[in-house]
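Residues per chain are reported as follows:
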Amino acid sequence: MMMVKSSDLQPPLKRVPPKWIPAYEAYIRIVERKVAVIAAWTLLVTVLFYQFTHELRLAHPTEMWLTELGFRIPVLLSALITLFSHYTGKPFIQSRQLLRIMGLSLMTMILALFLIHYSGPSAETYQVTNMMIISFFGVSAFSVRGPREWCLMFLIPLPVFFLSAKAMGLSIAELLPPMFDPFVMMIIGLVMSEALGQLRVGEFIARQRLKEHATTDQLTGLLNRRAMLQLLEREHSRAQRYGATYSLILGDLDWFKRVNDTYGHNVGDIVLQETARRLGSHMRTQDALCRWGGEEILILLPETDLDGARHVAEKARLSLAEKPMEVKEHSIPQTISLGITSCYGLDDIESTIKRADDALYLAKNNGRNRTEEIAPPNPEPALTEAEIIFDTAN
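Here the structure is a predicted model, which means the values were calculated and not measured.

## Considering empty space enclosed by the protein
Link 1 in the chain: Under the defined criterion, the tally for this structure stands at 1 cavity of 30 Å³ or more.
Link 2 in the chain: Put simply, the largest cavity is a space of about 30 Å³.
Link 3 in the chain: What lines the largest cavity is Glu32, Arg96, Leu99, Phe142, Ser143, Val144, Arg145, Glu149 and Met153.
Link 4 in the chain: Contributing elements (two or more residues each) for the lining of the largest cavity: α5 (95-117) and α7 (147-155).
Link 5 in the chain: Taken together, the residues of the lining of the largest cavity sort by class into 4 nonpolar, 1 polar and 4 charged.

Now the structure itself:
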């Protein structure tokens, strides 16, 4: 028998690791936009169809046409606002709120139509009850975020409905038989909303794990080489387009082979993890830290010149040099050599990385546990006014 994990039954947001919550919120907003557009088109077509097909459906007398239209107008308006926001790219109301508005207006419409047409067991009551079943299913589909949204859309209109029915002289016992099937659909909708919410979370987590495995070094949690190269390409393109500056810091742990040979690879792995933690504590949000290979670390500093990179590199170096790493019963001094350079977008990525590597080579040759730098090539000097005139004349 298949066992169900208790974690799988938690509310969707509680199942998402904290580091992925911003990404999950962005994902849910995309889902809400898509559902809102589909819901708006469905409501627009369906509500208009029911409004103009009285005779075709052998429904209630046409003198109720304007009354029904009055209850249907809020639904039509909410659908039109949703479509306008989507197709004009001017979402002045969030999709989550639009779904709520559409759901509440649909519930208000169908419950009001039931009350104005209820006359005991009759063809009219039967038709409105069928419409109510369809509406309850649709409102459940609007609950993208799960049972809480479902409760909001159902538990606000229903008490108002029963109070209005009581004011009209209708008893709950009298309403239960025609309302039985819609209530069953309401429960089915709740189960469906919860199940879809769990499926969405499961799909999101699986996709994030695959993405993380593809872009993250599994030992240190830093970006891997492939992911860093993609970031470098984007940053280099931006530097070329806008004349911006970025810097690179290439670091290599000093005498790291001795750590592995003396204490074992398990301890060496912990040293790498602690190195990543200490270096990461000095990074800005926009900076990127990568395990470039083996014991090499590459740091990308967007919008940072050589002076700024030098400051970051020294803080990174001191974070390792000033305090030994306590691993199990061992106190291991570990230092790092760093090479830095900057790029104005004048050369290519390979040349920039090569300069950082050459600077790192200098740091190693000059005694290790130090920072060396190689400046980027200077921009070509701008032509003077006299040179421009001379060039134009010739």
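## Here we look at the pattern of salt bridges
Oppositely charged side chains can pair when the atoms bearing their charge come close.
Link 1 in the chain: Considering all chains together, one arrives at 21 salt bridges under this definition.
Link 2 in the chain: Here Glu303 and Arg238 are joined by a salt bridge, their closest N and O atoms 3.3 Å apart. Linking Glu303 in the loop between β3 (296-302) and α13 (306-321) with Arg238 in helix α10 (residues 225-242), this pair joins segments that are 65 residues apart in sequence.
Link 3 in the chain: When its relative accessible area of 22% is taken as the criterion, Arg238 is described as partly exposed.
Link 4 in the chain: Glu373 is paired through a salt bridge with Arg310; the nearest N and O atoms lie 2.6 Å apart. Here Glu373 is found in strand β7 (residues 371-373), whereas its partner Arg310 is found in helix α13, with 63 residues between them in sequence.
Link 5 in the chain: Take Arg310: its relative accessible area is 31%, and that puts it in the partly exposed class.
Link 6 in the chain: Salt bridges here are not isolated pairs; linked through shared partners, they connect Glu25, Glu32 and Arg145.

## Thoughts on the packing of helix α2 (residues 21-51) against helix α9 (residues 172-215)
Link 1 in the chain: Taken N-terminus to C-terminus, the directions of α2 and α9 make an angle of 130°; their axes are 11 Å apart at the nearest point. In terms of orientation, α2 lies oblique with respect to α9. The way α2 lies across α9 gives a crossing that is right-handed. Here Ala23, Tyr24, Tyr27, Ile28 and Val31 of α2 lie close against α9, whose contacting residues are Arg200, Val201, Glu203, Phe204, Arg207 and Gln208.
Link 2 in the chain: Grouping the constituent residues of the contact of α2 with α9 by class yields 7 nonpolar, 1 polar and 3 charged.

Criteria and cut-off values
- Residues numbered from 1 in each chain as written.
- Predicted model: local features only at pLDDT ≥ 70, side-chain atom pairs only at ≥ 80, totals over all residues.
- Heavy atoms only, no water.
- 1 Å grid on protein atoms, 1.4 Å probe; cavity = no way out; pocket = protein on both sides within 12 Å on 5 of 7 lines; lining within 4 Å.
- Points joined across faces, edges and corners; volume = space filled by probe spheres on them.
- Helix = DSSP H or I, 4+ residues; strand = E, 2+ residues; numbered from the N terminus.
- Nonpolar A, V, L, I, M, F, W, Y, C, P; charged D, E, K, R; others polar.
- Salt bridge = Lys/Arg side-chain N within 4 Å of Asp/Glu carboxyl O.
- Buried < 20%, exposed > 50% of the residue type's maximum accessible area, 1.4 Å probe, protein only.
- Axes fitted to C-alpha atoms, helices over the stretch in contact; angles between N-to-C directions.
- Parallel < 35°, antiparallel > 145°, perpendicular 65-115°, else oblique.
- Left-handed = near helix turned anticlockwise from the far one by under 90°.
- Contact = heavy atoms within 4.5 Å.

The analysis is restricted to geometry; functional conclusions fall outside its scope.
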